[in-house]
Amino acid sequence: MLGICRGRRKFLAASLTLLCIPAVTWIYLFAGSFEDGKPVSLSPLESQAQSPRYAASSQQERESLEVRVREVEAENRALRRQLSLAQGRGPAHRRANHSRTYSMEEGTGDSENLRAGIVAGNSSECGQQPVVEKCETIHVAIVCAGYNASRDVVTLVKSVLFHRRNPLHFHLIADSIAEQILATLFQTWMVPAVRVDFYNADELKSEVSWIPNKHYSGIYGLMKLVLTKTLPANLERVIVLDTDITFATDIAELWAVFHKFKGQQVLGLVENQSDWYLGNLWKNHRPWPALGRGYNTGVILLLLDKLRKMKWEQMWRLTAERELMGMLSTSLADQDIFNAVIKQNPFLVYQLPCFWNVQLSDHTRSEQCYRDVSDLKLQKQLSELDEDDLCYEFRRERFTVHRTHLYFLHYEYEPAADNTDVTLVAQLSMDRLQMLEAICKHWEGPISLALYLSDAEAQQFLRYAQGSEVLMSRHNVGYHIVYKEGQFYPVNLLRNVAMKHISTPYMFLSDIDFLPMYGLYEYLRKSALQLDLANTKKAMIVPAFETLRYRLSFPKSKAELLSMLDMGTLFTFRYHVWTKGHAPTNFAKWRTATTPYRVEWEADFEPYVVVRQDCPEYDRRFVGFGWNKVAHIMELDAQEYEFTVLPNAYMIHMPHAPSFDITKFRSNKQYRICLKTLKEEFQQDMSRRYGFAALKYLTAENNS
């Protein structure tokens, strides 16, 4: 799926606010002229503030000045409120019924223009506040399709959130891929005062599919033309952005520009900075008609109510039909049609100042004008925990919501015709990244990975993956980023995320530091068919081995592996430190087995298994090191899964430095005490869920 980012990364920055106040007390009031931004002096005292004599003035004078300042500031706020009311600012718009809600580029001539748009301020307006009500909702529309555009839009949203002062309402025109990714992202992000509506881009294709278009964004690059029809009828105005925009200031400053529209002005646009529409880039270059350099549609202010009254739909369609008779197709998608309409109707445009498209940066602090609206259910769960409990942090982790970005890279998967496909499922952090290429070489089937990363690490991973021929050649690997939060490694949450987003009937629950044998993918598919996994509750066990050597000649057959076992090059997994974990696999029987054989559950059993997609999730209470897989296997047994060992399957654990969590487990007595407490509570929960049948787990634990 092609993303719709158009051109290079663009930045938006508006006028600098509150950054030009010097150390001495210079005070300006903007109640005088909001239109020209010229400051009005508060008091003649300010001219004296720079003199040494004034610096030594009495405390009484300073206090008098401070009182006067506060009085004028109060008057200033009252004037701004009156001005806003006079301009008819209404309440926040209600969402449309036809959309799905989640609450929590070129614009230029694309690559030909090579512009990077930023919105920066005019320094003469330093300190001026936008004429926007403190808690007024700002509406932003974005067309977003595919995996790449979904990743880009996250950067855009972050930049808006970083500077924003107001509640935000994002209107995302998205295909099914982008909606799945971004819906999960916003649900797990839980940003206060942010609403997200989704509009089905596939339903809009027929509106613009008749327009021949050479732009690489494809049909999605034309969808901004139909926003008046797509967005809620009661939505009066909206800021429209390309996905490759980055804001460097409060978006309210752009929203405030709507107040400057006059007469029939309904479009706010920046003049193009390239020569594209001048038609002089090469011989016989013939662009669509435009006023002078034309306008850029990477950033648009749409006055929707007036556009609808002007019959915008009819206007752009007639213009497009007329121009296509001679132009045959668009080169810059919606931008060509917008400019052709403007050429015929120049009165429609309010030209945004050029500083909305220059490469500048600004930083403003956000105001808290809204209360925290984080998930009330989560707050209730946390309030029920005892903060004096020595295991409070462990218990709290179970309810922590981690921001999650599904399909961080492009993903493609074609289902197997025989419905026997198997996905390898694993989780990892940055320190295990080097295992990815080796696993891809050993496993040709689909893979679902949950990566626990910080924002910075996610960008490092992106560069790493894009620089790897092995990873970039594999499109059937789903990379799901779970962002770091809290002090524990949420191993079972990560597994659940990877498990949830597979597209095959079966999954191989592995770990990132294991290499599957060559050909295991095909062998598991055949075994699933042979053992009728589709219609029976079976967990097919892949026997686990390990090596202590960083360089290993990987065995290409069971016979070769047995030889390496006898030579001491390989060992059964964890035989020397945690025998109980894999002893029930019965490695002695496996040596000579030629057919699958059944084994019984035993205490602390934690084999690696292949199960159906509908198997139970991992228990989230277990974080970091200890009992995370044991609890899951116990749950499978409680649900009467049959454990069957595959006679010709194997996987090998590769050596690595101990994880931070296993180090904590070994060195921290309280960590071990809490793990024991969580185990006991889990077993009690099992008894409640499964009744008499679960008593054997308590008995087995006491006897172990």
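Residues numbered from 1 in each chain as written. Predicted model: local features only at pLDDT ≥ 70, side-chain atom pairs only at ≥ 80, totals over all residues. Heavy atoms only, no water.

A grouping of Phe692, Leu695 and Leu698 is seen on the molecular surface, where their side chains present a nonpolar patch of about 310 Å² in accessible area. Residue placement: phenylalanine 692 occurs in the loop between α24 (669-690) and α25 (695-703). The class for phenylalanine 692 is exposed, based on a relative accessible area of 72%. (Patch = residues over 30% accessible without salt bridge, like charges linked within 9 Å, V, L, I, M, F, W, Y side chains within 5 Å. Areas by Shrake-Rupley, 256 points an atom, 1.4 Å probe, with all protein chains shown as cover. Salt bridge = Lys/Arg side-chain N within 4 Å of Asp/Glu carboxyl O. Helix = DSSP H or I, 4+ residues; strand = E, 2+ residues; numbered from the N terminus. Buried < 20%, exposed > 50% of the residue type's maximum accessible area, 1.4 Å probe, protein only.)

Here we come to the sheet that holds strand β19 (residues 538-542). The mixed open sheet is built from nine strands, whose spatial order is β13-β16-β15-β14-β17-β23-β19-β24-β22. A strand with exactly one partner marks an edge of an open sheet, and here the two such strands are β13 (404-405) and β22 (597-599). Judged from the seven bridges that link them, strand β15 (residues 447-453) and strand β16 (residues 477-483) form a sheet pairing that is parallel. The residue bridging alanine 450 from the neighbouring strand is histidine 480, located in β16. Running over the sheet, helix α15 (residues 435-442) touches β14 (422-429), β15 and β16 and is turned about 175 degrees from β15. Across the face of the sheet, helix α16 (residues 455-466) comes into contact with β15 and β16 while running at roughly 135 degrees to β15. (Pairing = 2+ DSSP bridges. Contact = heavy atoms within 4.5 Å. Axes fitted to C-alpha atoms, helices over the stretch in contact; angles between N-to-C directions.)

Together, Asp386, Glu387, Asp388 and Glu393 give the surface a local cluster of negative charge. Here glutamate 387 is to be found in the loop between α13 (376-383) and α14 (392-397). For glutamate 387, a relative accessible area of 61% corresponds to the exposed category. (Lys, Arg positive; Asp, Glu negative; His and termini not counted. Charge placed at Lys NZ, Arg CZ, Asp CG, Glu CD.)

Quick look at the environment of threonine 423 now. Structurally, threonine 423 can be placed in strand β14. Assessed through its relative accessible area of 3%, threonine 423 is described here as buried. Sequence separation of threonine 423 and tyrosine 521 is 98 residues, and the distance between their C-alpha atoms is 8.6 Å. Ignoring any residue separated from it by four or fewer positions in sequence, one finds threonine 423 in contact with Trp443, Pro446, Ile447, Ser448, Ile502, Thr504, Tyr506, Met507 and Phe508. One polar contact links threonine 423 to threonine 504, side chain to side chain, over a distance of 2.7 Å. (Polar contact = N/O pair within 3.5 Å; in protein donor to acceptor, adjacent residues only side chain to side chain.)

Moving on, we get to the state of the cysteines. Within this structure, the stated rule accounts for one disulfide. For cysteine 391, the disulfide goes to cysteine 674, at an S-S distance of 2.1 Å. Since a negative S-S torsion denotes a left-handed disulfide, the cysteine 391-cysteine 674 link at about -95 degrees is left-handed. Of this pair, cysteine 391 sits in the loop between α13 and α14 while cysteine 674 is found in helix α24, placing the two residues 283 residues apart along the sequence. Judged by relative accessible area, which is 5%, cysteine 391 ranks as buried. (Disulfide = S-S within 2.5 Å.)

This prediction gives the protein chain a mean pLDDT of 81; 77% of its residues lie at or above 70. Overall, residues 1-8 carries pLDDT values under 50, and its contacts beyond four positions in sequence, including any with other chains, amount to 53 contacts. Taken as a whole, residues 85-98 scores under 50 in pLDDT and shows 25 contacts with residues more than four places along the chain or in a different chain. (pLDDT = per-residue confidence, 0-100.)

All right, on to the sheet that holds strand β20 (residues 544-546) then. Reading across the sheet, the four strands line up as β18-β25-β20-β21 and stay open at both edges, with mixed pairing between neighbours. Looking at the sheet topology across the chains shown, the edges are occupied by β18 (514-516) and β21 (571-572). Direction of pairing for β20 relative to strand β25 (residues 651-653): parallel, over a ladder of three bridges. Within β25, the residue paired with glutamate 546 across the bridge is histidine 653.

Counted residue by residue, helix α18 (residues 491-500) has nine buried out of 10 residues, so it is predominantly covered. Looking only at α18, the buried set comprises Val491, Asn492, Leu493, Leu494, Arg495, Asn496, Val497, Ala498 and Met499. Looking at the buried side of α18, the elements it contacts are β13, β14, β15, β16, β17 (506-509) and α22 (628-638).

A word on unusual backbone geometry. Here lysine 311, not a glycine, exhibits a phi torsion of approximately 60 degrees, which is positive. As for its placement among the helices and strands, lysine 311 is situated in the loop between α10 (304-309) and α11 (312-327). Residue classification places lysine 311 among the exposed residues on the basis of a relative accessible area of 53%. Of note in this structure, aspartate 604 is not a glycine but carries a positive phi near 70 degrees. Inspection of the secondary structure assignment puts aspartate 604 in the loop between β22 and β23 (608-612).

Describing two packed helices takes the angle between their axes plus the distance from one axis to the other. Packing of helix α5 (residues 146-163) against helix α6 (residues 176-189) brings their axes to within 9 Å, and their N-to-C directions diverge by 30 degrees. Crossing hand, α5 versus α6: right-handed. Together, Gly146, Tyr147, Ser150, Val153, Val154, Val157, Lys158 and Leu161 of α5 and Ile177, Ala178, Ile181, Leu182, Leu185, Phe186 and Trp189 of α6 make up the contact between the two elements. Classifying every residue of the contact of α5 with α6 gives 12 nonpolar, two polar and one charged. (Left-handed = near helix turned anticlockwise from the far one by under 90°. Nonpolar A, V, L, I, M, F, W, Y, C, P; charged D, E, K, R; others polar.)

Remark: helix α23 (residues 660-667) packs on α24, axes separated minimally by 5 Å, with the N-to-C direction vectors making an angle of 95 degrees. For the element pair α23 / α24, the angle class is roughly perpendicular. Touching Asp661, Lys664, Phe665, Arg666 and Ser667 of α23 are Lys669, Tyr671, Arg672 and Leu675, all from α24. Grouping the amino acids of the contact of α23 with α24 by side-chain chemistry returns three nonpolar, one polar and five charged. (Parallel < 35°, antiparallel > 145°, perpendicular 65-115°, else oblique.)

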